[in-house]
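# Examining the three-dimensional arrangement
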Amino acid sequence: MTLHQRLLNLRDEIRRHDRLYYVEASPEISDQEYDRLLAELIEIESKHPEWVTPDSPSQRVGGEPLEGFAQVRHAIPMLSIGNTYSLEELREFEERLGRILPNTAFDYVVEPKIDGVAVSVIYENDLFTLGATRGNGAVGDDITANLRTIRGLPLSLSIARHGLQRFELRGEVFMDHAGFEALNRRRAEAGEELYANPRNTTAGSLKLLDPRQVAERPLRIAFHSFGEIVPLPGSAPPWRRHSEILRALQEMGVPTVEHWDRATGIDQVIPLVEAWESKRFDLPYVTDGLVIKVDDLRTREDLGSTSRSPRWVIAYKFPAEQAETTLKSIELQVGRTGAVTPVAILDPVQLGGTTVSRATLHNADEIARKDLRVGDRVLVEKGGEIIPKVIAALPEIRDGSQVPFVFPSKCPSCGGPLSRPQGEVAYRCEDLNCPAQLRRRIEHFASRRGMDIEGLGEALIDQLVSTGLVRTLPDLYRLELEQVANLERMGRKSAQNLLDGLEKSKSNPPNRLLHGIGIRFVGEHVAEVLMDQVEDLRDLGKRTREELEAIPEIGPTVSESIHTFFSDDRNREVLDELATLGLNFRRTESGIPEGEPPPRNLEGLQFVLTGTLAKHTRDEAKELIQARGGRVTGSVSKKTDYVICGTDPGSKADKAESLGVRILNEEEFEDLLAGVL
Ligand code: IVH
């Protein structure tokens with residue numbers, strides 16, 4: 001056999017195994033054997049790049065990362081479908097059809113509704129050429145490179161044989177139970193946060209810009225409908241019914257919805273619906289309903305569409321599954337932003353095809369409202385989410401041993417105090433060192449609008465935290481070159497970059513530091529306002545809430561948050577440590593050029609900036625105004641004196657106009673700064 005012949009055989013073999021695995025669900029070889037075939041193919045192609053074809057299985061491993069997704073306009077809009085929740089509504093659906101086409105016997109196809117992400121896939125001249133998300137229905141993202149990595153998706157398809165030049169298929173990308181669970185197992189082993197449900201994880205995967213990462217996700221695809229069909233010259237579209245298309249697709253080796261049934265009249269549909277209520281749990285993926293479609297394509301055309309959905313199709317949504325079990329205990333979980341969520345620990349119970357042993361309880365009020373007590377028998381329900389909810393307690397079967405739940409006062413992650421800001425439902429941990437929040441805090445601290453630390457990105461933060469090198473914000477400034485250089489994928493050069501970035505950040509003005517620390521409700525602007533009032537950042541802790549609220553623009557929400565923050569001794573310690581490490585806590589007259597201070601000719605005036613200025617960034621313009629005594633706010637009101645309008649102004653310019661606020665262009669703004677306007 002020639003090498004080229006071997007290559008062709010390998011391709012056929014791999015395609016056959018893809019089909020056996022993803023379309024027929026009866027694999028013949030192990031993953032390792034499959035990987036060996038693919039490796040051999042890639043090896044041959046790397047020696048003979050001239051033999052590579054766009055539909056070779058080697059093309060699935062993922063190309064170069066993209067900068068962003070191009071936009072694709074759908075030739076035929078991707079509409080949504082109407083929902084029904086009862087058999088009664090299904091009958092009404094057929095009555096509506098009967099009013100449009102009286103005396104018609106409607107043939108239907110009934111299919112499971114896959115809880116995935118809708119995509120459009122175009123084959124042209126027998127090749128997969130374009131894949132797109134639904135987007136807003138009219139325009140979606142071009143995700144061709146990501147879809148190519150999905151093994152079940154044929155990269156070529158003999159559509160010419162069916163008289164077609166172009167064929168647009170529509171379907172769902174999804175993760176099956178096994179794939180999703182394996183993915184979460186890998187994450188658990190790596191100490192990473194688990195994904196909440198297969199649908200959102202699928203949507204997130206398709207949005208990744210690096211197809212190599214997408215290739216690692218256990219994505220599957222199944223087609224259930226079609227868009228544009230363009231016959232070859234001289235041919236006519238070959239199918240008259242939806243069920244014929246599904247059958248033809250299956251014969252071509254295209255993954256479709258696994259089961260479908262045909263029915264005449266809604267009376268035949270109803271027993272199918274009833275059968276699926278339990279059968280759906282045997283499916284290997286999440287389904288939240290059935291889709292009932294008119295089979296005959298001509299009839300579909302006669303029925304037409306509303307602007308939102310075709311009239312010939314309806315979804316029937318299954319009621320959420322419920323089960324009864326015992327509430328064993330209530331655990332607290334600390335989220336990445338410090339919000340503390342109570343979680344029910346349950347006696348394991350079968351629900352919606354999986355074993356459930358945890359359920360979300362949302363917040364303390366919910367527990368009180370439902371009067372849930374540890375030891376209660378409770379009803380749990382599973383909707384679209386993997387995480388079920390506790391719906392209610394069954395108080396009639398209490399025996400007196402059940403205990404009401406008292407919300408703990410300490411954070412389960414760090415032992416810091418929990419507080420519940422007025423008007424909010426969640427308890428929070430505001431402790432700067434709380435490990436549950438650390439990554440997120442550092443990300444914010446290092447961000448461009450925070451301390452702007454060059455070289456400190458998400459991946460490096462992950463490494464620093466997971467290796468334990470950084471347990472608190474001050475630890476960042478204690479990092480040593482060797483420690484950083486020894487991390488995986490780091491070298492001395494990037495380690496030095498990080499240390500330089502950290503060093504540079506020490507001299508940032510204290511309002512940047514205040515924003516970077518991440519006290520709730522203290523954003524960029526509030527940090528500036530606050531730092532205008534004190535010499536040293538830590539002086540804020542000495543102000544009473546009333547004193548804080550006396551500051552213009554500072555209301556009770558901010559004052560409460562600052563107060564809570566400074567009442568935690570450990571937060572004050574962190575600030576002292578940062579000061580000792582050389583960070584700048586003291587207000588300087590930053591933004592004002594060396595030498596003569598500018599005149600205070602804008603004292604008391606209020607400005608809003610919109611659009612892009614040619615000569616200054618937003619921040620610079622702001623500093624120029626502030627240095628002259630003016631104030632810059634985010635939105636236009638009657639109190640605004642001037643709106644400075646650059647190119648491409650936003651709605652703020654319109655608002656200014658409607659309120660009669662004076663608008664200045666860039667030139668006039670320069671004149672105003674110079675005191676000549
Ligand atoms: S037919 C005009 N069949 O559900 C839309 N859709 O909630 C024709 N879906 O956007 C779609 N399984 O992405 C159809 N067997 C199935 C489906 C299905 C899932 C999705 C589809 C649609 C969404 C509407």
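It should be noted that the structure appears before, not after, this text.
Residues numbered from 1 in each chain as written. Predicted model: local features only at pLDDT ≥ 70, side-chain atom pairs only at ≥ 80, totals over all residues. Heavy atoms only, no water.

Read across the sheet, four strands follow the order β22-β21-β23-β24 without closing on themselves; strand pairing throughout is parallel. Only two strands of the sheet have a single neighbouring strand rather than two, namely β22 (631-633) and β24 (662-664). Along the sheet, successive strands turn relative to each other by an average axial angle of 35°, direction set aside. Of the strand pairs in this sheet, strand β21 (residues 606-610) and β22 are connected by three bridges, and their pairing is parallel. Within β22, the residue paired with Val608 across the bridge is Thr633. (Pairing = 2+ DSSP bridges. Helix = DSSP H or I, 4+ residues; strand = E, 2+ residues; numbered from the N terminus. Axes fitted to C-alpha atoms, helices over the stretch in contact; angles between N-to-C directions.)

The next thing to look at is the state of the cysteines. When the sulfur atoms of two cysteines share a covalent bond, that bond is a disulfide. Applying the stated criterion to the full structure yields zero disulfides. We note that Cys411 lacks a disulfide partner, and the nearest cysteine sulfur, in Cys429, lies 3.8 Å from it. Of all cysteine sulfurs, the one in Cys411 lies closest to Cys434, which takes part in no disulfide; the gap is 3.9 Å. Here Cys434 falls in the buried class, since its relative accessible area comes to 0%. (Disulfide = S-S within 2.5 Å. Buried < 20%, exposed > 50% of the residue type's maximum accessible area, 1.4 Å probe, protein only.)

Here we come to the nonpolar core. Judged by nonpolar contacts, the single largest core of 50 residues is most densely connected at Leu456, Leu476 and Leu530. The element contributing the most residues to this core is helix α18 (residues 524-531), with five residues. Setting aside residues up to four positions removed in sequence, Leu530 forms contacts with Leu514, Val522, Leu540, Leu548, Ile551, Ile554 and Ile562. Of all hydrophobic cores here, the second largest spans 34 residues; its members include Leu153, Leu169, Val173 and Leu208. (Core = buried A, V, L, I, M, F, W, Y, C linked by side-chain atoms within 4.5 Å. Contact = heavy atoms within 4.5 Å.)

Further remarks concern the site of the ligand. In the vicinity of the ligand there are 14 residues, among which Glu111, Pro112, Ile114, Glu172 and Lys293 approach most closely. Measuring from a nitrogen atom of the ligand, one finds a backbone N or O atom of Ile114 at 3.0 Å. Contact with the protein chains removes 86% of the 530 Å² of surface that the ligand exposes when unbound. Spatially, the ligand is embedded in the second largest pocket. Counting residues per element, the shell around the ligand draws most heavily on strand β3 (residues 107-114), at four residues. Grouping the constituent residues of the shell around the ligand by class yields eight nonpolar, two polar and four charged. (Near = heavy atom within 4 Å. Polar contact = N/O pair within 3.5 Å; in protein donor to acceptor, adjacent residues only side chain to side chain. Areas by Shrake-Rupley, 256 points an atom, 1.4 Å probe, with all protein chains shown as cover. 1 Å grid on protein atoms, 1.4 Å probe; cavity = no way out; pocket = protein on both sides within 12 Å on 5 of 7 lines; lining within 4 Å. Sits in = over half its atoms within 2 Å of the grid points. Nonpolar A, V, L, I, M, F, W, Y, C, P; charged D, E, K, R; others polar.)

Before going further, it helps to spend a moment on the packing of aromatic side chains. In the structure shown here, the tally under the stated rule is 12 aromatic pairs. Residues Tyr123 and Phe128 carry aromatic rings whose centres are separated by 6.1 Å and whose planes lie at 55° to one another, so their mutual orientation is tilted. Across this residue pair, the class does not change: Tyr123 and Phe128 are buried. By the ring-pair criterion, three or more aromatic residues cluster together here, those being Phe93, Phe106 and Tyr108. The cationic tip of Arg151 hangs over the ring face of Tyr21; the distance from NZ or CZ to the ring centre is 5.5 Å. Taking NZ or CZ as reference, Arg300 lies 3.8 Å from the ring centre of Trp312, over its face. (Phe/Tyr/Trp six-rings, centres within 6.5 Å; stacked < 30°, edge-to-face > 60°. Lys NZ or Arg CZ within 6 Å of the ring centre and 35° of its normal.)

Considering only enclosed or pocket space, the second largest pocket measures out at about 1400 Å³ in volume. Looking at the second largest pocket, it is lined by 48 residues, and the ones nearest its centre are Met78, Leu79, Arg170, His224 and Ser225. Counting only elements with at least two residues in the lining of the second largest pocket, the list comes to β3, β4 (117-124), β7 (164-174), α6 (198-206), β8 (220-231), β10 (287-294), α10 (297-303) and β11 (313-317). The element that contributes the greatest number of residues to the lining of the second largest pocket is β8, accounting for five residues. Here the lining of the second largest pocket is built from residues that sort into 20 nonpolar, 11 polar and 17 charged. (Points joined across faces, edges and corners; volume = space filled by probe spheres on them.)

With that settled, the discussion passes to the pattern of salt bridges. Counting across every chain of the model gives 50 salt bridges. The residue Glu111 makes a salt bridge to Lys293 at a minimum N-O spacing of 2.8 Å. Here Glu111, found in strand β3, pairs with Lys293, found in strand β10; they are 182 residues apart in sequence, far enough to count as distant. For the residue pair Glu111 and Lys293, the accessibility class agrees, reading buried in each case. The shortest N-O distance in the salt bridge between Glu553 and Arg631 comes to 2.0 Å. Placement of the pair is Glu553 in the loop between α19 (545-549) and α20 (556-567) and Arg631 in strand β22, with a sequence separation of 78 residues. (Salt bridge = Lys/Arg side-chain N within 4 Å of Asp/Glu carboxyl O.)

Another point: the environment of Trp312. With respect to the helices, strands and loops of the structure, Trp312 is situated in the loop between α10 and β11. Look at Trp312 and you get buried, because its relative accessible area is 17%. Between the C-alpha atoms of Trp312 and Pro218, which are 94 residues apart in sequence, the distance is 33 Å. In contact with Trp312, not counting residues within four places along its chain, are Phe93, Ile292, Lys293, Val294, Arg300, Leu303 and Gly304.

This part covers the sheet that holds β4. Taken in spatial order, the four strands line up as β5-β4-β7-β8 in an open sheet, and their pairing is antiparallel. The sheet is open, and its two edges are formed by β5 (127-133) and β8, each paired on a single side. Strand-to-strand twist in this sheet, taken as the mean axis angle between neighbours without regard to direction, amounts to 25°. Pairing between β4 and β7: eight bridges, direction antiparallel. Its bridge partner being in β7, Ser120 is matched across the sheet by Arg170.

So, on to helix α9 (residues 266-279). If you check α9, its first and last C-alpha atoms are 19 Å apart, about what 14 residues at 1.5 Å a residue would give, namely 20 Å. Burial in α9 covers these residues: Ile266, Val269, Ile270, Leu272, Val273 and Trp276. In this structure, the buried residues of α9 make contact with α3 (87-100), β3, β9 (261-264), β10 and β11. (Expected span 1.5 Å × (residues − 1).)

Note on placement: Lys370 falls in the loop between α11 (364-369) and β15 (373-374). Here the side chain of Lys370 touches Val390 through a polar contact of 3.0 Å, landing on its backbone oxygen. In this structure, Lys370 is in contact with Val390, Ile391 and Ala393, ignoring residues within four places of it in sequence.

A word on helix α5 (residues 177-189). For α5, with 13 residues, the first-to-last C-alpha span of 18 Å sits near the 18 Å given by 1.5 Å per residue. Taken residue by residue, α5 has Gly179, Phe180, Leu183, Asn184 and Arg187 as its buried positions. Down the axis of α5, the sector holding all buried residues measures 130°, keeping them to one side. Exposed side of α5, more than 90 degrees from the buried face: Ala178 and Glu189 are the residues found there. On the buried face of α5, the contacting elements are α6. (Arc of directions from axis to C-beta.)

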